[in-house]
Amino acid sequence: MQELSTAPLPAPPRAANASPWKKTVQELAAHPSGLIGAIIILLYLVVAVAAPLLAPYSPTEMDLRARFLPPAWAAGGSLQHLLGTDQLGQDLLSRIIYGSRVSISVGLFSVLISLLVGSVLGSIAGYYQGWFDRIVSRVADLLMAVPYLLFAIFAMAILGPGVLNLIIALSIKAWIEFYRLLRGEIISEKTKEYVEAARMLGRPGPVIIVAEVLPNVIHSLVVLVTLRIGYMIIMEASLSFLGLGVPPEVPAWGSMIAAGRDTLINAWWISTLPGLAILFLVLGINLLGETLRDITDPRLQARE
Amino acid sequence: MRAGNLLEVNGLKKYFPVQRSLASRLFGQRPGWLKAVDGVDLFIREGETLGLVGESGSGKSTLGRTVVGLYEATAGEVRFEGRPVKELSPQERKSFRQKVQMIFQNPYSSLNPRKTVRQILDVPLRMRGVPGPERPSEMEELLERVGLSRWHLNQYPHQLSGGQRQRIGIARALAVHPRFIVADEPVSALDVSVQAQIINLLMDLQEQFRLTYLFIAHDINVVHHISNRIAVMYLGRVVEIAGSEELLTAPRHPYTKALISAIPEISKIRRRERILLEGTIPSPLNPPPGCCFQTRCPEKKDPVCTQIVPTLKDVGGDHFVACHLY
């Protein structure tokens, strides 16, 4: 067939038939900032998983002869310790590598627990409303009134330090965001006629929520999950900075920053480098999250 | 209940609670009620189409949704096949669900945007107990019945036109083998040319499957074409029911007269005198006392119309009017 037409051809049916997920991945590839975010996150994940293979030293191995060693590129630095050492002579690179495990696991699991609790409660409250909705929504309002960090400090003071306790303390309040999102989305979806059609066919409420409504709101959930993981990582770092996070012997970025703040003038790298580790991870997460939000925003989908 | 009636509605009411602000509640105002359906009696004979017309806000959609059980009635009863729906056992309710289906107004929101046509049609077939291996051939037959082909099975709703979507909605309702279908303005969201196709499809299907329809619309021309009888609703009440021809040629209720005089006509010879109604339909939050139409009626008689609620009266020839003039 000769190519005569200059008018734009309609999209081939294959592309139009692509599932919404495939489309999201394709669009992500077309948004450089989101792609950069995804690559940064992937790098951090690889580092966290492969920490024992990548770290040149044990994160808790002290070498008091090599205290306050600057990074390799600075005057007085050595290639033995690429990012220098802290006041106890511990290798900073190894500690930052191991520290990613605390940050990522706390961020991931506190959000996963909140997602699970918040979505279940939000679905029930949104679909059935009534007394359940009134009670849970008031509890959520009550928790919302307390500043997050203050609440987490109280919770950690009661629970004591530890990764699991961090996850619990952060989840107690974090489910509210997911609860509110899902409750609102389900209230707006359930008045649509496709839900009424499902009711006409005699499908029970829980089946309608999971099989009919959830696929229509999952995109906004994905965006919220991504952005909240970044926030949780900052919360974890803040608690660790205040000494309320993990036990002192476990390397965590927040406590590393705290440890270096007395010597910030003379040994800037002890605080600054873990800070940069947090900065880039959260930046990557936010880049990905905001791109996902742009892709899935129905107002930007008008061309469909 | 008379023999031959598939569905009967007696004194049906559906009120929606209206939230008042905290301040007005503190000052002792009681929560309000929106009286969407306010005491409706009607019956539908087996195999017929009852058209239901009325302007927006007259409660016709609410009536349809209450009849099929999407809304719970505030008062009154719905009898299907001679039995009150409220008293059905869970098992019987399941079979009621399959005998009564609905076709929706908006073909864009009535299909789940995340599901393919195959997934949409799979649910009713499963509910009817069609075993998995037989479903593909059943789906193809259904699609053929509504004028589509199996080529559409793998498409998403956004890839279909409005008319095609409405056909899928009809196929979904048909898939459970219903006896009674409430069609809630099934064509008002479609182009005029497509409207005719869908109406003809509905009439063909009625013949093939001996269906009974409650056909809701605000366009009296559309309703006239498909209905055996027409009921006119105003402010939550049925003001007149008659055979389709009778209602158009000899309307009795002043509201029906005004409604019919407003039908646009091309012929210059048969131009009717137009009856123009003053004002708008009153709020169902605060309906007028007496006859619901008294605020706009050109033939209002004091004090009977402003004080006594008229009931449906038989004026002969299967014609019922709720008006003090008769």
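Cut-offs applied
Residues numbered from 1 in each chain as written. Chains lettered and ligands numbered in written order. Predicted model: local features only at pLDDT ≥ 70, side-chain atom pairs only at ≥ 80, totals over all residues. Heavy atoms only, no water. Helix = DSSP H or I, 4+ residues; strand = E, 2+ residues; numbered from the N terminus. Rg over C-alpha atoms; globule rule 2.2 N^0.38 Å. Buried < 20%, exposed > 50% of the residue type's maximum accessible area, 1.4 Å probe, protein only. Contact = heavy atoms within 4.5 Å. Areas by Shrake-Rupley, 256 points an atom, 1.4 Å probe, with all protein chains shown as cover. Lys, Arg positive; Asp, Glu negative; His and termini not counted. Charge placed at Lys NZ, Arg CZ, Asp CG, Glu CD. Buried area = accessible area lost by both parts, 1.4 Å probe. Salt bridge = Lys/Arg side-chain N within 4 Å of Asp/Glu carboxyl O. Polar contact = N/O pair within 3.5 Å; in protein donor to acceptor, adjacent residues only side chain to side chain. Core = buried A, V, L, I, M, F, W, Y, C linked by side-chain atoms within 4.5 Å. Pairing = 2+ DSSP bridges. Phe/Tyr/Trp six-rings, centres within 6.5 Å; stacked < 30°, edge-to-face > 60°. Lys NZ or Arg CZ within 6 Å of the ring centre and 35° of its normal. Patch = residues over 30% accessible without salt bridge, like charges linked within 9 Å, V, L, I, M, F, W, Y side chains within 5 Å. UniProt positions renumbered as here; feature names shortened; annotations may be inferred. Axes fitted to C-alpha atoms, helices over the stretch in contact; angles between N-to-C directions. Parallel < 35°, antiparallel > 145°, perpendicular 65-115°, else oblique. Left-handed = near helix turned anticlockwise from the far one by under 90°. Disulfide = S-S within 2.5 Å.

A. Summary view of the overall build of chain B. The number of helices and strands found in chain B is 11 helices and 12 strands. Its C-alpha radius of gyration of 21 Å places chain B within 12% of the 20 Å reference for a compact globule of 326 residues. Across the 326 residues in chain B, those meeting the buried criterion constitute 51%. For chain B, the share of sequence-separated contacts (at least 6 apart) that also reach a separation of at least 24 residues comes to 65%. Accessible area for chain B stands at about 15500 Å²; split by element, carbon and sulfur atoms hold 51% of it. Averaging the locations of the 43 positively and 33 negatively charged side chains of chain B gives two centres separated by 6 Å.

B. Representation of the interface of chain B and chain A in the model. If you look at the interface, chain B gives 29 residues, while chain A gives 19 residues. Carbon and sulfur atoms supply 53% of the area buried between chain B and chain A, which totals about 2200 Å² over both sides. When residues of chain B are sorted by the area they lose upon contact with chain A, Leu 70, Asn 112 and Arg 114 of chain B head the list and together hold 27% of the total. In this assembly, chain B and chain A are joined by 2 salt bridges. A salt bridge links Glu 193 of chain A to Arg 65 of chain B; the shortest N-O distance between them is 3.8 Å. Along the contact surface separating chain B from chain A lie 11 residue pairs in polar contact (both at pLDDT 80 or more). Secondary structure elements with two or more residues in the side of chain B that touches chain A: α2 (60-68), β6 (100-103) and α4 (117-128) of chain B.

C. Representation of the nonpolar core. Formed by 63 residues in total, the largest nonpolar core has its most connected members in Tyr 44, Ile 96, Leu 170, Trp 253 and Leu 281 of chain A. The element contributing the most residues to this core is helix α10 (residues 205-241) of chain A, with 14 residues. Beyond its immediate chain neighbours, meaning those up to four positions away, Leu 281 of chain A contacts Tyr 44, Ile 104, Ile 233 and Trp 253 of chain A. With 54 residues, the next largest nonpolar core counts Leu 125, Leu 153, Ile 199 and Val 239 of chain B among its residues.

D. Seen up close, the sheet that holds strand β5 (residues 83-84) of chain B. Taken together, the 4 strands give an open sheet; going across it, the order is β2-β1-β4-β5 (chain B), and neighbouring strands pair in antiparallel fashion. The sheet is open, and its two edges are formed by β2 (32-45) and β5 of chain B, each paired on a single side.

E. Molecular detail of the packing of aromatic side chains. Using the criterion set out here, one finds 12 aromatic pairs over all chains in the structure. Look at Trp 131 of chain A and Phe 132 of chain A: their rings are 6.0 Å apart centre to centre, the planes differ by 80°, and that puts the pair in the edge-to-face class. Chaining the aromatic ring pairs together yields one cluster made of Phe 80, Phe 96 and Phe 180 of chain B. Over the ring of Tyr 148 of chain A we find Lys 173 of chain A; its NZ or CZ atom is 5.5 Å from the centre of that ring.

F. Spotlight on a nonpolar patch on the surface. All names here are of chain A. The grouping of Ile 158, Leu 159, Leu 164, Ile 168 and Ile 172 at the surface amounts to a nonpolar patch, some 480 Å² of accessible area in total. Contributing elements (two or more residues each) for the nonpolar patch: α7 (148-159) and α8 (163-190). When residues in the nonpolar patch are grouped by element, the largest group, 3 residues, is from α8.

G. Fine view of the UniProt feature "domain: ABC transmembrane type-1" (unreviewed entry) in chain A. As annotated in UniProt, the feature "domain: ABC transmembrane type-1" (unreviewed entry) corresponds to residues 100-289 of chain A in the numbering used here. Secondary structure across residues 100-289 of chain A comprises 83% helix and 0% strand; the distance between its end C-alpha atoms is 20 Å.

H. Summary view of the pattern of salt bridges. For the structure on display, the rule yields 26 salt bridges over all chains. Notably, a salt bridge pairs Glu 141 of chain B with Arg 145 of chain B, separated by 3.3 Å at the nearest N-O pair. Of this pair, Glu 141 of chain B and Arg 145 of chain B both sit in helix α5 (residues 135-145), 4 residues apart, which is roughly one turn of that helix. A relative accessible area of 34% places Arg 145 of chain B in the partly exposed class. Members of the salt-bridge network, linked through shared partners, are Glu 193 and Glu 196 of chain A together with Arg 65 and Asp 184 of chain B.

I. Expanded view of the packing of helix α3 (residues 32-49) of chain A against helix α12 (residues 269-296) of chain A. All names here are of chain A. Two elements in contact, α3 and α12, have axes whose closest approach is 7 Å; the angle formed by their N-to-C orientations is 135°. Comparing the axis directions of α3 and α12 gives the class oblique. By crossing handedness, the relation of α3 to α12 is classed as left-handed. Mapping the contact onto sequence places Ser 33, Gly 34, Ile 36, Gly 37, Ala 38, Ile 40, Ile 41 and Tyr 44 in α3 and Leu 276, Ala 277, Phe 280, Leu 281, Gly 284, Ile 285, Leu 287, Leu 288 and Thr 291 in α12.

J. Region of interest: the sheet that holds strand β8 (residues 212-216) of chain B. Residue and element names in this part refer to chain B. Read from one edge to the other, the open sheet built from 8 strands follows the order β6-β7-β8-β3-β9-β10-β12-β11, with strand pairing classed as mixed. Every interior strand has two partners, whereas the edge strands, β6 and β11 (313-314), have only one. Sheet topology note: the strand β9 (residues 229-234)/strand β10 (residues 237-243) ladder contains 6 bridges and is antiparallel. Following the sheet pairing, Tyr 234 is matched in β10 by Arg 237. Its contacts with the sheet put helix α3 (residues 90-99) on β6 and β7 (180-184), and the angle it makes with β6 is roughly 40°. Along the sheet, helix α10 (residues 254-261) makes contact with β3 (49-53), β9 and β10, crossing β9 at roughly 105°.

K. Summary view of the state of the cysteines. Residue and element names in this part refer to chain B. Per the counting criterion, the structure on display carries 0 disulfides over all chains. Cys 292 takes part in no disulfide bond, and the closest cysteine sulfur, belonging to Cys 291, lies 4.9 Å away. Considering cysteine sulfurs only, Cys 323 is the nearest to Cys 297, which forms no disulfide, with 6.1 Å between them. Looking at Cys 297, the relative accessible area reads 19%, which means it is buried.

L. A look at the environment of Pro 56 of chain A. Residues and elements named next belong to chain A. Along the chain, Pro 56 turns up in the loop between α4 (51-54) and α5 (92-128). Looking at Pro 56, the relative accessible area reads 47%, which means it is partly exposed. It is 40 Å that separates the C-alpha atoms of Pro 56 and Glu 177, two residues lying 121 residues apart in sequence. Apart from the residues lying within four places of it in its own chain, the contact partners of Pro 56 are Asp 91, Leu 93 and Ser 94.

M. The arrangement of the side chain of Asp 133 of chain A in detail. All names here are of chain A. By the secondary structure assignment, Asp 133 is in helix α6 (residues 130-144). Judged by its relative accessible area of 7%, Asp 133 is buried. Within the structure, Asp 133 has its side chain in polar contact with the side chain of Arg 183 (distance 2.5 Å). Other than its neighbours up to four places away in sequence, Asp 133 contacts Ala 125, Tyr 179 and Arg 183.

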